[in-house]
Amino acid sequence: MVATEELRRWARALAEGLETAAGKRSFVECLEMAESAVNDWALKHALKIVRNMVAEGYSLSRAMARFPEVFDGVILTVVRYGEIYGELDLTLRRYADRPEDLAPSYKP
């Protein structure tokens, strides 16, 4: 499993890219830019394939779901929620900045 900090770094970079894109860049270009913020080889490799799948027409969450060893259920849920409600930048920003808000609250 990829380190949570690396996923948060990617999420933050993608959120920033989406917030500043405003018709200047395509979603695929934003994904490519966000890849450059990542240092982990496994994550970088998976993100490249995910980006290519998105370019082919897959949703981001569906493409990411192909890599359960890289993307855990939390980030997949965050991305899917953002896609459904058209708030991907906001949900990614929340994940990147306040991941403790997204952690399960169940305590045995």
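Further up the page is the structure itself.
Residues numbered from 1 in each chain as written. Predicted model: local features only at pLDDT ≥ 70, side-chain atom pairs only at ≥ 80, totals over all residues. Heavy atoms only, no water.

Chemist: What is the right way to read helix α6 (residues 88-97) from this model?
Modeler: Side chains that are three or four residues apart share a direction in an α-helix, a result of its 3.6 residues per turn. Residues of α6 that are buried include every one of Leu88, Thr91, Leu92, Tyr95 and Ala96, and no others. Buried residues of α6, viewed axially, fall in a sector of 135°; they line one side. Buried residues along α6 sit against α1 (4-21), α2 (27-35), α4 (60-64) and α5 (73-85). (Buried < 20%, exposed > 50% of the residue type's maximum accessible area, 1.4 Å probe, protein only. Helix = DSSP H or I, 4+ residues; strand = E, 2+ residues; numbered from the N terminus. Arc of directions from axis to C-beta. Contact = heavy atoms within 4.5 Å.)

Chemist: Got a minute to help me understand the nonpolar core in this structure?
Modeler: Buried together is how nonpolar side chains tend to be arranged in soluble globular proteins. Within the largest apolar cluster, 31 residues are counted, with the highest numbers of intra-cluster contacts made by Trp10, Leu60, Met64, Phe71, Ile75 and Leu92. At the level of secondary structure, the elements contributing two or more residues to this core comprise α1, α2, α3 (41-55), α4, α5 and α6. A total of seven residues in this core trace back to one element, the largest contributor, which is α1. Leaving out residues up to four positions away in the same chain, Leu60 has contacts with Trp10, Leu14, Phe27, Leu31, Val50, Val54, Val79, Glu83 and Leu88. (Core = buried A, V, L, I, M, F, W, Y, C linked by side-chain atoms within 4.5 Å.)

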